[in-house]
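Remarks on the overall topology
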Amino acid sequence: MLRLALALALCLFTTLTAAMPAEVARALERAGIPVESVAIFVQPVDTTHPELSYNADRPMNPASVMKLVTAFAVLERLGPGFTWTTRIAIDGPLRDGRLAGNLHLVGGGDPLLDVGRLWRVLARVRAAGITHIDGDIVLDASALRLPAHDAAAFDNRPLRPYNSGPSGLLLNFNTVQLLLTPGKVGELLSVAAVPALDGLTLDNRITAAAGRCVTWFRDLDSSLGWTSEGPVLTLTGTMPADCGAREWAVAPFGSDHFAAALTGWLWKASGGTLAGRVRHGIAPYETTTLFEHTSPSSAEAVREMNKWSSNVIAQQLLATLAMHEPDTPDMLAAGARIATETLTAAGIPTHGLLIDNGSGLSRSAAIRADTLGRLLLTAWQRPWMPEFVSALSLAGIDGTARKRLNGSPANGHAHIKTGTINGVRAMAGYVLDRNGRRHAVVMMVNDTKAPQSEAAQDALIEWVWSGADM
């Protein structure tokens, strides 16, 4: 009788946890998405069993939700206070403002060395008394050993910032912000590049168009060509005139070329002169350190990665996990292995987990909904939990989820990471219900109609917020 009772209880538990809320099922049906393409996991952070588990043991592509794995591994392995160091050194004497040698920028894998921070680095070089460099500015990116990066490999859009690759000396995320200001309909827009890049010419062909400002960037495109005078970035398309000034990001070069072009422009803009050129190389042992630049913390890098879903920061963080393995030829692959080992050591099941670059910009990455659920529940118990949670977008408020749940009573009650690529739409994070109880929530959709699943995902968040019974 006891065995029969246990069996019946197990059967009832399985039935309950497999049921899908009616609101979610209806939204999926309206979108034409079969339930077989969906995985869901929901569990209060203060219990030991899920209240909802649907296809949760099925490995699925999570898109950018994979960044939660990268974030967990970095905070668990390195801690929220970890920092990166960029060393600035010289290899010759300095007299009367003239450096008779080379200036070396030795990268340390800093994922947040943007144009503002690089400007301050070069300002400190000027403050050290260097006005003219007889030799070269040498950029050393050898801190990270990485495979060759093909920015066109994922979707043949190599100039899109989300396709940028990592580097031991990553500068400004390899990205330029184009400030677009429309005038009259039919006329060319005014375009300014921030930051400017040394040697890059802009060929602007974007015109102002009539119509409402909805998806204003839909018709914009860019291409990179080369002439005898150097690289030319051609901008094409139209933008509604009533949009007003907008910013549009491009990544015109790979990390090495971008770093050289940005450093050259900033050095000139700071008033410095250079007899040689900006080039890549490895700093010799016999150099004198002028100073070291310390990055913001790993917690801040995780926040920047997850709030705005930065793929290149995710790859930098994954590679950083392997920096203590000096003989590793591919730090991305080694970082993926270390991340998996970190989850395993934390008691999180990793069956079906496949990490490639840590960003989720992948057709092969996979994870189970219950693995993500356990990751969220485990993170909730860690001392770095506040940094992990605050790095997630607050639905309806900020980050990539700032336009979600508008007008919903659940607005502002969900910290989530979203993910979207063709055929995939996913979200995972924490929802605070109306009774003050917090839940780990995961939903992944792998289907040709996955982009239409946002309403179903929002319905799941609202169902959890309502505290509804099964």
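Residues numbered from 1 in each chain as written. Predicted model: local features only at pLDDT ≥ 70, side-chain atom pairs only at ≥ 80, totals over all residues. Heavy atoms only, no water.

So, the overall build of the chain
When its secondary structure is counted, the chain shows 11 helices and 23 strands. On C-alpha atoms alone, the chain measures out to a radius of gyration of 25 Å, which is about the 23 Å that the 2.2 N^0.38 rule sets for 470 residues. Out of the 470 residues belonging to the chain, those deemed buried represent 52%. Across the chain, the fraction of contacts at a sequence separation of at least 24, relative to all contacts at a separation of at least 6, is 70%. A total of about 20100 Å² of accessible surface is found on the chain, and carbon and sulfur atoms cover 53% of it. Counting 40 positive and 43 negative side-chain charges, the chain places the averaged centre of each group 3 Å from the other. (Helix = DSSP H or I, 4+ residues; strand = E, 2+ residues; numbered from the N terminus. Rg over C-alpha atoms; globule rule 2.2 N^0.38 Å. Buried < 20%, exposed > 50% of the residue type's maximum accessible area, 1.4 Å probe, protein only. Contact = heavy atoms within 4.5 Å. Areas by Shrake-Rupley, 256 points an atom, 1.4 Å probe, with all protein chains shown as cover. Lys, Arg positive; Asp, Glu negative; His and termini not counted. Charge placed at Lys NZ, Arg CZ, Asp CG, Glu CD.)

Quick look at the sheet that holds strand β10 (residues 190–194)
Here 3 strands make up an open sheet; going across it, the order is β10-β9-β16 and the pairing antiparallel. In the strand order of this sheet, the two ends are held by β10 and β16 (246–250), each with one partner. With direction set aside, neighbouring strand axes in the sheet form an average angle of 25 degrees. As paired elements, strand β9 (residues 176–181) and β10 share 5 bridges and run antiparallel to each other. Counterpart to Leu178 in the pairing with β10 is Ala193. (Pairing = 2+ DSSP bridges. Axes fitted to C-alpha atoms, helices over the stretch in contact; angles between N-to-C directions.)

What to know about the packing of helix α3 (residues 67–77) against helix α7 (residues 311–320)
The geometry of α3 relative to α7 is characterised by a closest axis approach of 10 Å and an angle of 40 degrees between their N-to-C directions. The orientation of α3 with respect to α7, classified from their angle, is oblique. The handedness of the crossing between α3 and α7 is left-handed. For the pair α3 and α7, contact is made by Lys67, Thr70 and Val74 and by Asn311, Ala314, Leu317 and Leu318, respectively. Along the lines of polarity and charge, the residues of the contact of α3 with α7 split into 4 nonpolar, 2 polar and 1 charged. (Parallel < 35°, antiparallel > 145°, perpendicular 65-115°, else oblique. Left-handed = near helix turned anticlockwise from the far one by under 90°. Nonpolar A, V, L, I, M, F, W, Y, C, P; charged D, E, K, R; others polar.)

Details of the confidence of the model for the chain
Summary statistics for the chain give a mean pLDDT of 94 and a share of 96% for residues scoring 70 or more. Overall, residues 4–17 carries pLDDT values under 50, and its contacts beyond four positions in sequence, including any with other chains, amount to 9 contacts. (pLDDT = per-residue confidence, 0-100.)

Focus on the nonpolar core
Judged by nonpolar contacts, the single largest core of 60 residues is most densely connected at Leu68, Phe72 and Phe388. If sequence neighbours within four positions are ignored, Phe72 has contacts with Thr342, Leu343, Ala346, Ile348, Leu375, Thr378, Ala379, Trp384 and Phe388. In terms of nonpolar packing, the next biggest core, distinct from the first, is built from 44 residues, Leu113, Leu180, Ala261 and Val278 among them. (Core = buried A, V, L, I, M, F, W, Y, C linked by side-chain atoms within 4.5 Å.)

A word on the sheet that holds strand β14 (residues 230–236)
Across the sheet, which stays open at both edges, the 3 strands sit in the order β11-β14-β13 with mixed pairing between neighbours. Of all the strands in the sheet, just β11 (201–204) and β13 (221–227) have a single pairing partner and so form its edges. Averaged over all neighbouring strand pairs, the angle between strand axes comes to 25 degrees, with direction disregarded. For β13 and β14, the ladder comprises 7 bridges, and the chain directions are antiparallel. Among the inter-strand pairings, Thr227 is bridged to a residue of β14, identified as Gly230.

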